[in-house]
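Next come the chains, spelled out residue by residue.
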Amino acid sequence: MDDTICYLNTDLEIDSLDNLTNLASALKASGMWSLCEAMKGDDGLWHTRFETNADYNEPEPNIAAMIAAIESLDESLRADWSRCSLREFNIGYDCGSKPWAFNQGLSNELLGRIAAIGASLRWTLYPPECPKSS
């Protein structure tokens, strides 16, 4: 990294008491890329995480592509989606010292679509360099 603040990507994180295998397969078929296979954790929940296959410079078009995949799910898979306990878009940025000011936004239309599918937003900010291990 060259110490410049930049958008990295957005992950879609999903947790459910129900098996997520069918939902995960449908999201993969719609062009999303699985960061981890749907697996049942020690907490009793099923977990999975997705990204899109394309590179984006801002979160808006990236999240819009993921929402389009979710909106295209058939009725039974939309029911699976609705039963999830976590439906979260996690927006990641590399942080740095330049430019002096940096901003990106989400439109009210996209925020409405996020709310309509029952999803939440989270931001992850990565420091300019990894801490050195001792």
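Before reading on, note that the structure itself is shown above.
Residues numbered from 1 in each chain as written. Predicted model: local features only at pLDDT ≥ 70, side-chain atom pairs only at ≥ 80, totals over all residues. Heavy atoms only, no water.

Points about the packing of aromatic side chains
Here comes step 1: Using the criterion set out here, one finds two aromatic pairs in the structure.
Here comes step 2: Relative to F102, the ring of Y93 lies with its centre 5.9 Å away and its plane at 80°, an arrangement referred to as edge-to-face.
Here comes step 3: For Y93, a relative accessible area of 8% puts it in the buried group.
Here comes step 4: Accessibility expressed as a relative area gives 32% for F102, which makes it partly exposed.
Here comes step 5: Taken together, the aromatic side chains of Y7, Y93 and F102 make up a single cluster linked through ring pairs. (Phe/Tyr/Trp six-rings, centres within 6.5 Å; stacked < 30°, edge-to-face > 60°. Buried < 20%, exposed > 50% of the residue type's maximum accessible area, 1.4 Å probe, protein only.)

Focus: helix α2 (residues 59-71)
Here comes step 1: Counted at 1.5 Å a residue, the expected span for α2 with its 13 residues is 18 Å, and the 18 Å between its end C-alpha atoms agrees.
Here comes step 2: All of the buried residues along α2 are P59, N62, I63, M66, I67, A69 and I70. Seen from one end, α2 has its buried residues packed into an arc of 155°, which puts them on one side. (Helix = DSSP H or I, 4+ residues; strand = E, 2+ residues; numbered from the N terminus. Expected span 1.5 Å × (residues − 1). Arc of directions from axis to C-beta.)

A few points about the pattern of salt bridges
Here comes step 1: Throughout the structure, instances matching the rule amount to six salt bridges.
Here comes step 2: The residue K28 makes a salt bridge to E37 at a minimum N-O spacing of 2.9 Å.
Here comes step 3: Under the relative-accessibility criterion, K28 is labelled partly exposed at 33%.
Here comes step 4: With a shortest N-O distance of 2.7 Å, R113 and E71 are connected by a salt bridge. One end of the pair, R113, is in helix α4 (residues 108-116); the other, E71, is in helix α2, and 42 residues separate them in sequence. (Salt bridge = Lys/Arg side-chain N within 4 Å of Asp/Glu carboxyl O.)

Concerning unusual backbone geometry
Here comes step 1: The omega angle of the peptide bond from K98 to P99 is -5°, so this bond is cis rather than trans.
Here comes step 2: Following the sequence through the fold, P99 ends up in the loop between β4 (86-94) and α4.

Remarks on the pairing of strand β2 (residues 32-40)
Here comes step 1: Two strands pair when backbone bridges link them, and β2 and strand β3 (residues 46-52) are joined in this way by six bridges, in the antiparallel orientation. Looking across to β3, one finds that S34 is bridged to F50.
Here comes step 2: Taking the residues between adjacent antiparallel strands as the criterion, β2 and β3 are bridged by five residues, where G44 takes a positive phi near 85°. (Pairing = 2+ DSSP bridges.)

Some points on the sheet that holds β3
Here comes step 1: Within the open sheet, the five strands sit side by side as β2-β3-β1-β4-β5. Their pairing is mixed. For this open sheet the edge positions go to β2 and β5 (120-126), each flanked by a neighbour on one side alone. When strand polarity is set aside, the average angle formed by the axes of neighbouring strands in this sheet is 20°.
Here comes step 2: Looking at chain direction, β4 and β5 are connected through seven bridges and run parallel. Note on β5: the bridge partner recorded for F89 is L121.
Here comes step 3: On top of the sheet, helix α1 (residues 21-29) reaches β1 (6-16), β2 and β3; it is set at about 170° to β2, its chief contact. (Axes fitted to C-alpha atoms, helices over the stretch in contact; angles between N-to-C directions. Contact = heavy atoms within 4.5 Å.)

Nothing here speaks to function; it is geometry throughout.
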